[in-house]
Amino acid sequence: MKVGVLALQGAFGLHEQVLNRIGVAAVQVRTPEELAEVDRLVIPGGESTAISKLLDANGLGDPLADRLADGLPVLGTCAGMILLAAEVVDGYPGQHRFGAIDATVRRNGYGRQSESFHAPIDIEGWESAFPGVFIRAPVVESVGRDVEVLAELDGVPVLCRQGSTVVSSFHPELAQDDRIHRWFVERE
């Protein structure tokens, strides 16, 4: 299995390190040709506006939309969640919303950089909490009926799945805990 990490902006290197640590062949994706070669994709945290603009600048917007429509398994963390959502509140005009998950998210919903925080996340079916790291994180304002909420923080969804799409408000690559990445690559 070849897992791609969208490497346009943000914490892509850290995701790549986690994937390599768990024995997965991780490759950086910057072109449509590289995207065509991967079996799964991670869209990292970073700045959703910058990533959206760089998708267009690199000719990746339409190919990524096509791969997602074809069911490419994808993990979107923080900014990745924003890009994969159906609706974005406080996004810039023209920002990509791939609609891979039926959710409405608010950019920077948990506040500015100075309001970043850590919180234990209880994930459905897991024996111990996952160490959630929230940095300028999006808030999920609503989800559609086909979205499975896997974890909440104070009653707000922070880890969701719909079909082959998984999104998190937090940064699992910063947690020194590889369970989310391992689960993503091992799930059918």
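Above this note sits the structure.
Residues numbered from 1 in each chain as written. Predicted model: local features only at pLDDT ≥ 70, side-chain atom pairs only at ≥ 80, totals over all residues. Heavy atoms only, no water.

Trainee: Just checking my understanding: could you explain the overall build of the chain for this structure?
Mentor: Check the secondary structure of the chain and you find six helices and 12 strands. For the chain, whose C-alpha radius of gyration is 15 Å, the value lies close to the compact-globule estimate of 16 Å for 188 residues. Projected onto its principal axes, the C-alpha positions of the chain cover 40 × 40 × 35 Å. Taken as a whole, the chain presents about 8300 Å² of accessible surface, with 45% of it coming from carbon and sulfur. (Helix = DSSP H or I, 4+ residues; strand = E, 2+ residues; numbered from the N terminus. Rg over C-alpha atoms; globule rule 2.2 N^0.38 Å. Areas by Shrake-Rupley, 256 points an atom, 1.4 Å probe, with all protein chains shown as cover.)

Trainee: How do you make sense of unusual backbone geometry when you look at a structure like this?
Mentor: The general pattern is negative phi for most residues beyond glycine and trans for most peptide bonds. Even without being a glycine, Asp90 presents a positive backbone phi close to 70°. Its place among the elements puts Asp90 in the loop between strand 5 (85–89) and strand 6 (101–106). For Asp154, which is not glycine, the phi torsion reads 55° and is therefore positive. In this structure, Asp154 sits in the loop between strand 10 (148–153) and strand 11 (156–162).

Trainee: So what exactly am I meant to see when it comes to helix 6 (residues 179–186) here?
Mentor: Residues separated by three or four positions in an α-helix point in the same direction, a consequence of the helix having 3.6 residues per turn. Considered for burial, the residues of helix 6 that qualify are Ile180, His181, Phe184 and Val185. Down the axis of helix 6, the smallest arc covering the buried residues is 125°, so these residues share one side. Buried positions along helix 6 lie against strand 1 (2–6), helix 1 (12–21), strand 3 (40–43), strand 4 (74–77) and strand 8 (130–134). (Buried < 20%, exposed > 50% of the residue type's maximum accessible area, 1.4 Å probe, protein only. Arc of directions from axis to C-beta. Contact = heavy atoms within 4.5 Å.)

Trainee: Looking at this model, I keep getting lost on helix 4 (residues 61–69). Mind explaining?
Mentor: Restricting attention to buried positions, one finds in helix 4 the residues Gly61, Leu64 and Leu68. The arc enclosing the buried residues of helix 4, seen along the axis, measures out at 70°, which places them on a common side. Across helix 4 from its buried face, at more than 90 degrees, point the exposed residues Asp62 and Ala69. Those residues of helix 4 hidden inside the fold are in contact with helix 2 (32–36), strand 3, helix 3 (48–57), strand 4 and helix 5 (79–84). Positive phi shows up at Gly71, right after helix 4, with a value of about 95°.

Trainee: Is there a simple way to think about the sheet that holds strand 11 in this case?
Mentor: In a beta sheet, neighbouring strands pair by backbone hydrogen bonds and run either parallel or antiparallel. Read from one edge to the other, the open sheet built from seven strands follows the order 2-1-3-4-12-11-10, with strand pairing classed as mixed. Sheet topology places strand 2 (25–29) and strand 10 at the edges, where each strand pairs with a single neighbour. With strand direction ignored, the average angle separating the axes of adjacent strands in the sheet is 20°. In the sheet, strand 1 pairs with strand 2 via five bridges, with the strands oriented parallel. Across the sheet, the residue bridging to Val3 is Ala26, located in strand 2. (Pairing = 2+ DSSP bridges. Axes fitted to C-alpha atoms, helices over the stretch in contact; angles between N-to-C directions.)

Trainee: Would you take a moment to explain the nonpolar core for this structure?
Mentor: Looking at soluble globular proteins, one finds that nonpolar side chains tend to be buried together. Residues Leu6, Leu35, Leu41, Ile43, Leu55 and Leu64 are the most contacted members of the largest nonpolar core, which totals 30 residues. Elements with a minimum of two residues in this core: strand 3, helix 3, helix 4, helix 5, strand 5 and strand 6. With five residues, helix 5 is the largest single contributor of residues to this core. Apart from the residues lying within four places of it in its own chain, the contact partners of Leu55 are Leu6, Leu8, Leu60, Gly61, Leu64, His96 and Phe98. Grouped together as the second largest cluster of nonpolar side chains are 27 residues, Leu75, Val166, Phe170 and Phe184 included. (Core = buried A, V, L, I, M, F, W, Y, C linked by side-chain atoms within 4.5 Å.)

Trainee: Mind showing me how you'd approach the pattern of salt bridges here?
Mentor: When the charged atoms of two side chains with opposite charge come close together, those side chains can pair. This model, assessed by the stated rule, comprises eight salt bridges. With a closest N to O distance of 3.1 Å, Glu47 and Arg136 form a salt bridge. Placement of the pair is Glu47 in the loop between strand 3 and helix 3 and Arg136 in the loop between strand 8 and strand 9 (139–143), with a sequence separation of 89 residues. Glu47 sits in the buried class, given a relative accessible area of 19%. For Asp90, the salt bridge is made with Arg106, and the minimal N-O distance between the two is 2.8 Å. On the criterion of sequence distance, the pair formed by Asp90 in the loop between strand 5 and strand 6 and Arg106 in strand 6 is long-range, its members being 16 residues apart. Several salt bridges converge on common partners, so that one network encompasses Glu47, Arg107 and Arg136. (Salt bridge = Lys/Arg side-chain N within 4 Å of Asp/Glu carboxyl O.)

Everything listed here is a matter of geometry and, on its own, says nothing about what the molecule does.
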